[in-house]
Amino acid sequence: MAVAPRAPPYADVTAVQLDPTCSGSGMVERASYQLGGAEEEEGGAGGGGAKLHAIAATQLELLTHALSFPAARVVVYSTCSIHPIENELVVAAALRAPSVRAAGWRLAPALP
């Protein structure tokens, strides 16, 4: 990561919006294309293919980095993917990371 969270001016950042590169499976144009062979190559609807695992690993690295900004109080993570491996599973893995747990991060409800 090129940005050092503890270095000025980033040390004072209180909110981070992270919209990482994803498979784009939630985009209508991509979804209709993937209903054929492309989704099957990536592991089907569950999203277990090697390419999705590589994308999710990068997303996890980015999210963990975003959660390391010392003054941050809010981190919003969003993708245009429908695959749990790029969404819920990335967030769950990040929240299990020792550095994230030590910082006290927790999941907050998005809707009332």
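For the structure, see preceding data.
To keep things clear, this report deals only with the structure shown in the data block. (Residues numbered from 1 in each chain as written. Predicted model: local features only at pLDDT ≥ 70, side-chain atom pairs only at ≥ 80, totals over all residues. Heavy atoms only, no water.)

### Remarks on the overall build of the protein
Each helix and strand counted, the protein has five helices and two strands in total. For the protein, buried positions account for 35% of its 112 residues. Taking the intrachain contacts of the protein between residues at least 6 apart in sequence as the baseline, contacts between residues at least 24 apart amount to 74%. Summed over all atoms, the accessible surface of the protein reaches about 7,000 Å², with 61% contributed by carbon and sulfur. (Helix = DSSP H or I, 4+ residues; strand = E, 2+ residues; numbered from the N terminus. Buried < 20%, exposed > 50% of the residue type's maximum accessible area, 1.4 Å probe, protein only. Contact = heavy atoms within 4.5 Å. Areas by Shrake-Rupley, 256 points an atom, 1.4 Å probe, with all protein chains shown as cover.)

### Describing unusual backbone geometry
In this model, P8 is joined to P9 through a cis peptide bond whose omega is 0 degrees. Topologically, P9 is positioned in the segment before β1 (15-18).

### Considering the packing of helix α3 (residues 50-66) against helix α4 (residues 88-96)
At their nearest, the axes of α3 and α4 sit 9 Å apart, and the two run at 45 degrees to each other. On the basis of the axis angle, α3 is oblique to α4. Two packed elements cross with a definite hand, and for α3 against α4 that hand is right-handed. Mapping the contact onto sequence places A56, Q59, L60, L63 and T64 in α3 and V90, V91, A93 and A94 in α4. Class assignment for the residues of the contact of α3 with α4 results in seven nonpolar, two polar and no charged. (Axes fitted to C-alpha atoms, helices over the stretch in contact; angles between N-to-C directions. Parallel < 35°, antiparallel > 145°, perpendicular 65-115°, else oblique. Left-handed = near helix turned anticlockwise from the far one by under 90°. Nonpolar A, V, L, I, M, F, W, Y, C, P; charged D, E, K, R; others polar.)

### Some words on the environment of Q17
Assignment of secondary structure puts Q17 in strand β1. Under the relative-accessibility criterion, Q17 is labelled exposed at 52%. Among all residues touching Q17, those that are not within four sequence positions of it are V76 and S78.

### A word on the nonpolar core
Within the largest apolar cluster, 18 residues are counted, with the highest numbers of intra-cluster contacts made by L18, L63, L67, Y77, V90, V100 and W105. For this core, the secondary-structure elements that each account for two or more residues are β1, α3 and α4. Looking at this core element by element, the count peaks at five residues for α3. Residues within four places of V100 in sequence aside, it is in contact with T64, L67, A94, L95 and W105. (Core = buried A, V, L, I, M, F, W, Y, C linked by side-chain atoms within 4.5 Å.)

### Re the state of the cysteines
Two cysteines whose sulfur atoms are joined by a covalent bond form what is called a disulfide. For the coordinates displayed, the defined rule picks out zero disulfides. Note on C80: no disulfide assigned, nearest cysteine sulfur contributed by C22 at a separation of 3.2 Å. (Disulfide = S-S within 2.5 Å.)

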